[in-house]
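Commentary on secondary and tertiary structure
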Amino acid sequence: GAVVSQHPSRVICKSGTSVKIECRSLDFQATTMFWYRQFPKKSLMLMATSNEGSKATYEQGVEKDKFLINHASLTLSTLTVTSAHPEDSSFYICSARASGSSSYNEQFFGPGTRLTVL
Amino acid sequence: AQSVTQPDIHITVSEGASLELRCNYSYGATPYLFWYVQSPGQGLQLLLKYFSGDTLVQGIKGFEAEFKRSQSSFNLRKPSVHWSDAAEYFCAVGPPYGNKLVFGAGTILRVKS
């Protein structure tokens, strides 16, 4: 149980285009989903927290107009990288927290999406 | 500010040998502590967590970790490493209430036969 999927696993796009990454909780409902960015040889940095049916909360320094997050249902959150540039190339990981979870902060992580912007 | 330090970027151990991965944190109050493992191309899997109580916590895959408040540490241990343990390990800290996790930079474990 508690499986989180991400699609696509890899994407290569041209500079200036937009890319959408999907994060799905497959066997549970997730009120809250998180988006992280992982740089090579670096740790995961939380980008934003999304709650179903409301606006995402972005971490300081993250451009909300560049990284659009939508959490339209209890099983799906999307991250759209708008007008992508090479510096947006990274590994993006989502996680989901089960609705009504009594276990604090037990986040289930997706496998990640490798974005390469040419 | 909250921070997590994993001093070792890479560690290589022989199969069957014991393992200890270090984690030090900086936090203003009693933190919630986690260890995750990430295999190539896969997401993070929770190994164990500490919220309160017994400072020695047992996790999956034979791992354990000990919370030492006086040293602000939460080191991960395993008595006998298997080749399948080769992966990257992340220590993370979070507040008692709230969602945000702060991760360390990770330690890459290599297992030699």
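Below, the structure is looked at part by part. Source: prediction; values computed, not measured.

Cut-offs and rules
Residues numbered from 1 in each chain as written. Chains lettered and ligands numbered in written order. Predicted model: local features only at pLDDT ≥ 70, side-chain atom pairs only at ≥ 80, totals over all residues. Heavy atoms only, no water. Helix = DSSP H or I, 4+ residues; strand = E, 2+ residues; numbered from the N terminus. Rg over C-alpha atoms; globule rule 2.2 N^0.38 Å. Buried < 20%, exposed > 50% of the residue type's maximum accessible area, 1.4 Å probe, protein only. Contact = heavy atoms within 4.5 Å. Areas by Shrake-Rupley, 256 points an atom, 1.4 Å probe, with all protein chains shown as cover. Lys, Arg positive; Asp, Glu negative; His and termini not counted. Charge placed at Lys NZ, Arg CZ, Asp CG, Glu CD. Polar contact = N/O pair within 3.5 Å; in protein donor to acceptor, adjacent residues only side chain to side chain. Buried area = accessible area lost by both parts, 1.4 Å probe. Salt bridge = Lys/Arg side-chain N within 4 Å of Asp/Glu carboxyl O. Nonpolar A, V, L, I, M, F, W, Y, C, P; charged D, E, K, R; others polar. Pairing = 2+ DSSP bridges. Axes fitted to C-alpha atoms, helices over the stretch in contact; angles between N-to-C directions.

For chain B, the helix and strand inventory stands at zero helices and 12 strands. Its helices and strands in sequence order give chain B the pattern β-β-β-β-β-β-β-β-β-β-β-β, from N to C terminus. In terms of C-alpha radius of gyration, chain B reaches 13 Å, essentially the compact-globule figure of 13 Å for 113 residues. Seen through its principal axes, chain B has C-alpha atoms that stretch 40 × 30 × 20 Å. When each of the 113 residues of chain B is scored for burial, the buried share is 46%. Counted over contacts in chain B with a minimum sequence separation of 6, partners at least 24 positions apart contribute 53%. For chain B, the exposed surface amounts to about 5400 Å²; the carbon and sulfur share of it is 49%. Across chain B, the centroid of the 10 positively charged side chains sits 5 Å from that of the 8 negatively charged ones.

Moving on, we get to the side chain of Q6 of chain B. Residues and elements named next belong to chain B. Inspection of the secondary structure puts Q6 in the loop between strand 1 (3-5) and strand 2 (10-14). With a relative accessible area of 7%, Q6 lands in the buried category. Within polar-contact distance, the side chain of Q6 engages the backbone oxygen of Y89 at 3.0 Å.

This part takes up the interface of chain B and chain A. On the chain A side, the residues contacting the 23 residues of chain B number 21 residues. Summed over both sides, the interface of chain B with chain A buries roughly 1600 Å², with 52% coming from carbon and sulfur. Linking chain B with chain A are zero salt bridges. Of all the elements, strand 5 (residues 32-38) of chain B adds the most residues to the side of chain B that touches chain A, at four residues. Among the residues forming the side of chain B that touches chain A, the class breakdown is 13 nonpolar, eight polar and two charged.

Next up on the list: unusual backbone geometry. Cis geometry marks the peptide bond from H7 of chain A to P8 of chain A; its omega dihedral reads 0 degrees. By the secondary structure assignment, P8 of chain A is in the loop between strand 1 (4-7) and strand 2 (10-13). Although it is not a glycine, S83 of chain A sits at a positive phi angle of roughly 45 degrees. By the element assignment, S83 of chain A lies in the loop between strand 8 (76-81) and strand 9 (90-98). Positive phi values are uncommon outside glycine, yet S72 of chain B reaches one of about 50 degrees. Considering the arrangement of structural elements, one finds S72 of chain B in the loop between strand 8 (64-68) and strand 9 (73-78).

Moving on, we get to the pairing of strand 12 (residues 107-112) of chain B. All names here are of chain B. With burial as the criterion, only one face of strand 12 is covered, namely that bearing T107, L109 and V111; the residues I108, R110 and K112 on the opposite face remain uncovered. When strand 2 meets strand 12, the two strands line up parallel, connected through five bridges. For V13, the partnering residue across the bridge sits in strand 12 and is V111. Pairing between strand 10 (residues 87-94) and strand 12: three bridges, direction antiparallel. By the bridge assignment, Y89 is partnered in strand 12 with T107.

In this section: the side chain of D85 of chain B. By secondary structure assignment, the location of D85 of chain B is in the loop between strand 9 and strand 10. Apart from the residues lying within four places of it in its own chain, the contact partners of D85 of chain B are F63, K78, S80 and L109 of chain B.

Attention now moves to the environment of N51 of chain A. All names here are of chain A. Note that N51 resides in strand 5 (residues 44-51). Judged by relative accessible area, which is 24%, N51 ranks as partly exposed. Among all residues touching N51, those that are not within four sequence positions of it are T31, T32 and H71.

Before going further, it helps to examine the sheet that holds strand 1 of chain A. Hydrogen bonds between backbone atoms are what pair the strands of a sheet, whose relative direction is either parallel or antiparallel. All names here are of chain A. On the basis of which strands lie adjacent, the open sheet formed by four strands has the order 1-3-8-7 and antiparallel pairing. Both outer strands of the open sheet, strand 1 and strand 7 (67-73), are each paired with one neighbouring strand and no more. Pairs of neighbouring strands in the sheet enclose a mean axial angle of 15 degrees, with direction left out of account. As defined by bridge partners, strand 1 adjoins strand 3 (residues 19-25) across four bridges and the pair is classed as antiparallel. Within strand 3, the residue paired with Q6 across the bridge is C23.

In this section: the pattern of salt bridges. Residue and element names in this part refer to chain B. This structure, assessed with the given rule, holds six salt bridges over all chains. The salt bridge involving E66 is made with R77; its shortest N-O contact spans 3.2 Å. With E66 in strand 8 and R77 in strand 9, this pair connects stretches of sequence that are 11 residues apart. Looking at E66, the relative accessible area reads 23%, which means it is partly exposed. When its relative accessible area of 23% is taken as the criterion, R77 is described as partly exposed.

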